[in-house]
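Notes for the structure review
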Amino acid sequence: MEDYRIIADEISADVEAGRLRPGDRLPPQRRFARDRGIANSTAARVYTELVRRGVVVGEVGRGTFVRAGKPPLETALAEPGGATVDLELNFAVLPEQSALVGKALEPLLRDDVLTAALRPGSVTGSKQARDAVAGLFAKDGWTPEILFAGSGREAIAAAIAAFVPMGERLAVEAITYPVVKALAGRLGVQLVPVETDDAGLVPEALEAAHAAAPVRALYVQPTLHNPLGSTMDEGRRAGLAETVRRMDIPVIEDGIYTFLRPEVRPFAAYAPERTVFTDSLSKRLAPGLTTGFLAVPADWTERLAAAVRSGGWVAPRFALEAATRWITGGTLDIVERAKRLDAAERQRMTAERLAGFTLRADPRAYHCWWELPEHWRAETFVAAAARRGIAVTPAAAFAIVPGHAPNAVRLAVSSPPLETLGAALDVLAGLASGRPEDAGVD
């Protein structure tokens with residue numbers, strides 16, 4: 001029997017030589033198996049290998065296509081790229097906020113204060129820091145213990161490491177934050193995709209996944225989900241809380257965008273005894289000023305603290321001192337209120353410039369999910385946008401199961417100036433209204 005990797009090598013060579021062009025569709029797996037005289041199972045392994053190598057991408061209900069370029073699915077969402085207009089990363093920094101942030105730092109620059117701030121940090125921080133951050137999150141009697149990490153990503157990594165041993169299973173939404181995919185790979189954790197609907201993660205689907213093989217924890221984004229933009233309603237949150245209690249599993253709640261919906265109770269308020277709420281300053285203030293927070297049940301404090309320490313993820317003391325001053329001095333509140341207005345204006349502009357297309361977005365979010373017209377494929381559209389200096393993210397970056405990505409892209413609208421954003425959206429609208437062959441990427 002011909003080894004599936006040899007066949008994958010041949011297909012890859014055809015792509016490299018131009019015999020298969022970007023956007024070309026591979027035959028259905030059964031026909032591919034018949035044409036090659038191989039078993040259907042071997043054909044499936046060939047296609048899986050090609051997806052793994054980044055040679056092709058599968059789209060639900062449409063087939064398997066040669067990539068229009070090999071996008072770095074995880075790194076694309078971790079560091080800025082070289083695009084003229086970046087609609088790939090969300091890093092909102094308002095023009096007026098630097099003066100506010102700088103003014104709040106002035107007391108830290110006194111010799112005596114700075115000397116103390118330059119000493120080693122700790123995962124528990126100071127009482128003032130814990131009280132300040134607890135005040136950001138406390139709702140309806142939910143008053144968690146607070147721990148600190150260097151960033152929101154480090155807080156998530158610590159929570160995963162604390163609850164999911166190497167080789168075990170972590171349940172996540174089927175479309176999720178790409179950094180969690182990368183973290184799971186580095187921690188040796190298997191991700192289990194769970195079905196979602198318009199209201200968010202489906203509790204019955206979580207129970208079914210757990211019944212098939214036990215999961216050790218759940219990672220979930222209940223407020224302004226990235227990339228889908230959905231927010232769980234109270235009924236769904238209450239139902240999910242009952243489900244995780246029956247399953248007796250911990251929940252890692254990613255609250256990075258909750259500041260844009262301050263009226264929404266976090267999921268942790270529905271299941272406070274088993275939820276670790278993670279957040280940071282990266283979106284609230286700026287990515288260069290990030291400090292990560294973990295709001296944890298009291299019984300889990302030492303377990304989570306040990307995970308932060310062992311990972312080397314303790315927040316620097318200077319950063320924590322600065323964060324405390326931004327919170328207690330009112331700077332953070334001013335910036336957050338300004339960003340809520342800014343996000344609403346950007347969503348209004350996006351809806352106006354992309355009117356007539358299928359968008360999923362919360363009017364208060366900094367991102368939207370664009371289900372592309374039938375004649376476009378996500379990878380081809382991303383390549384066409386990149387040729388025009390605009391970076392957007394294909395759905396494949398968020399999909400847990402390779403080859404099961406919707407035909408969609410995410411637009412992160414927080415970074416460019418408004419005038420630049422509007423012009424970029426007009427370009428994308430023109431692209432989507434035309435056909436790939438007109439854009440030179442057929």
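My aim in this report is to walk through the structure given alongside it, one point at a time.

Basis of the calculations
Along each chain, numbering runs from 1 in the same order as the chain's sequence is written. In view of the model being predicted, local features appear only for residues whose pLDDT reaches at least 70, and side-chain atom pairs are presented and counted only at 80 or more, with totals across whole chains, interfaces and linings using the full set of residues. Note: side-chain values were computed over all heavy atoms of the structure, leaving out hydrogens and water. Only the stretch in contact is used when a helix axis is fitted, and all axes are lines through C-alpha atoms; the angle between N-to-C directions ranges over 0 to 180 degrees. Helix and strand labels come from DSSP, where a helix needs a run of H or I of at least four residues and a strand needs a run of E of at least two; each type is numbered from the N terminus. Any angle from 65 to 115 degrees is called roughly perpendicular, while one under 35 is roughly parallel, one over 145 is roughly antiparallel, and all others are oblique. The sense of a crossing depends on the near helix, which, turned anticlockwise from the far helix by less than a right angle, makes the crossing left-handed and, turned clockwise, makes it right-handed. It only takes one pair of heavy atoms within 4.5 Å for two residues to be counted as in contact. For this scheme, ten residues count as nonpolar: Ala, Val, Leu, Ile, Met, Phe, Trp, Tyr, Cys and Pro. Four count as charged, namely Asp, Glu, Lys and Arg, and the remainder, Gly too, count as polar. Only protein chains enter the accessibility calculation, which uses a 1.4 Å probe. A residue is then buried if its area is under 20% of the maximum for its type, exposed if over 50%, and partly exposed in between. Put simply, a salt bridge is a Lys or Arg side-chain nitrogen that is within 4 Å of an Asp or Glu carboxyl oxygen. In plain words, nonpolar cores are sets of buried Ala, Val, Leu, Ile, Met, Phe, Trp, Tyr and Cys residues tied together by side-chain atoms within 4.5 Å. Two strands qualify as a pair provided DSSP detects at least 2 bridges between them. Ring pairs shown here join Phe, Tyr and Trp side chains whose ring centres sit within 6.5 Å, with only the six-membered ring taken for Trp; geometry is labelled stacked below 30 degrees between planes, edge-to-face above 60, and tilted in between. Using a grid of 1 Å spacing that covers the protein atoms alone, one calls a set of points a cavity when a 1.4 Å probe fits there but cannot get out, and a pocket when the set is open and has protein on both sides within 12 Å along at least five of seven lines; lining residues are those with an atom within 4 Å of a point. Grid points are joined across faces, edges and corners, and a volume is the space filled by probe spheres set on the points.

With their axes 10 Å apart at the nearest point, helix α7 (residues 152-163) and helix α8 (residues 178-187) run at an angle of 45° to one another. Looking at the two axes, α7 sits oblique to α8. You can see that α7 and α8 cross each other, and the crossing is right-handed. Packed against α7, whose contacting residues are R153, I156, A157, I160 and A161, the element α8 presents V179, V180, L183 and L187 at the interface. For the contact of α7 with α8, a count of residues per class yields 8 nonpolar, no polar and 1 charged.

Its place among the elements puts T243 in helix α10 (residues 234-247). T243 sits in the buried class, given a relative accessible area of 2%. Apart from the residues lying within four places of it in its own chain, the contact partners of T243 are P203, L206 and E207.

What follows concerns unusual backbone geometry. Residue P227 follows N226 across a cis peptide bond; omega there is 20°. Backbone geometry places L224, a non-glycine residue, at a positive phi of 50°. Along the polypeptide, L224 turns up in the loop between β10 (217-220) and α10. Under the relative-accessibility criterion, L224 is labelled buried at 1%.

All told, the structure shown has 25 salt bridges when counted by the stated rule. Note that D198 is salt-bridged to R360, the shortest N-O span being 3.9 Å. Of the two residues, D198 is situated in the loop between β8 (196-197) and β9 (200-201) and R360 in strand β14 (residues 358-360); the sequence distance between them amounts to 162 residues. Taking the relative accessible area as the measure of exposure, R360 reaches 24% and is therefore partly exposed.

Judged by nonpolar contacts, the single largest core of 34 residues is most densely connected at F163, L170, Y219, V276, L294 and L304. Breaking this core down by element, the ones donating at least two residues are β5 (145-149), α7, β6 (169-173), α8, β10, β13 (292-296) and α12 (301-311). No other element matches α7, which puts 8 residues into this core. L170 has contacts with I160, V164, V189, Q190, L191, V192, A217, L218 and Y219, leaving out every residue within four places of it along the chain.

On any regular strand, side chains alternate: one points to one face of the sheet, the next to the other face. When you tally the buried positions in β13, you get 5 out of 5 residues, the bulk of the element. Bridging between β5 and β13 involves 5 bridges; their strand directions are antiparallel. Each bridged residue has a counterpart across the sheet, and for E145 the counterpart in β13 is V296. Across 4 bridges, the pairing between strand β12 (residues 275-280) and β13 is antiparallel. Across the sheet, D279 pairs through a bridge with F293, a residue of β13.

Within the open sheet, the 7 strands sit side by side as β5-β13-β12-β11-β10-β6-β7. Their pairing is mixed. The sheet terminates laterally at β5 and β7 (190-194), the two strands that pair on one side only. Direction aside, neighbouring strands of the sheet carry axes that sit 25° apart on average. Running at roughly 160° to β12, α7 makes contact with β5, β6, β10, β11 (251-254), β12 and β13 of the sheet.

Strand order in this open sheet of 4 strands is β14-β15-β18-β17, and the pairing throughout is antiparallel. A strand with exactly one partner marks an edge of an open sheet, and here the two such strands are β14 and β17 (393-394). Looking at chain direction, strand β15 (residues 367-371) and strand β18 (residues 408-412) are connected through 5 bridges and run antiparallel. Its bridge partner being in β18, E371 is matched across the sheet by A408.

Turning to helix α15 (residues 378-387), a few remarks are in order. By the criterion of burial, α15 is predominantly enclosed, with 8 of the 10 residues buried. Taken as a whole, α15 has its buried residues at A378, E379, T380, F381, V382, A383, A384 and A385.

Below, the discussion takes up the packing of aromatic side chains. The final tally for this structure, using the stated rule, is 9 aromatic pairs. In textbook terms, an aromatic cluster arises when at least three aromatic residues are bridged by ring pairs, as seen for F137, F148, F277 and F293.

This paragraph deals with the packing of helix α4 (residues 97-105) against helix α13 (residues 317-328). Running from N to C, α4 and α13 cross one another at 110°; their axes reach a closest spacing of 9 Å. In terms of orientation, α4 and α13 fall into the roughly perpendicular class. α13 is crossed by α4, and the crossing has right-handed handedness. On α13, the residues that touch V101, A104 and L105 of α4 are A322, R325 and W326. Of the residues contributing to the contact of α4 with α13, the split by class is 5 nonpolar, no polar and 1 charged.

This part takes up empty space enclosed by the protein. Summed over all chains, the structure comprises 3 cavities of 30 Å³ or more. Of the voids in this model, the largest cavity is the one considered here, and its volume is about 50 Å³. As for the largest cavity, its lining consists of E173, T196, D197, G200, L201, Q221, P222, H225, L228, S230, T231 and M232. Where the lining of the largest cavity is concerned, the elements lending two or more residues are β8 and β9. Class assignment for the residues of the lining of the largest cavity results in 4 nonpolar, 6 polar and 2 charged. Within this model, the second largest cavity holds a volume of roughly 40 Å³. Every residue lining the second largest cavity is listed: N90, F91, A92, Y257, F259, K283, K339, Y366 and S414. Here the residues of the lining of the second largest cavity are counted per class, giving 5 nonpolar, 2 polar and 2 charged.

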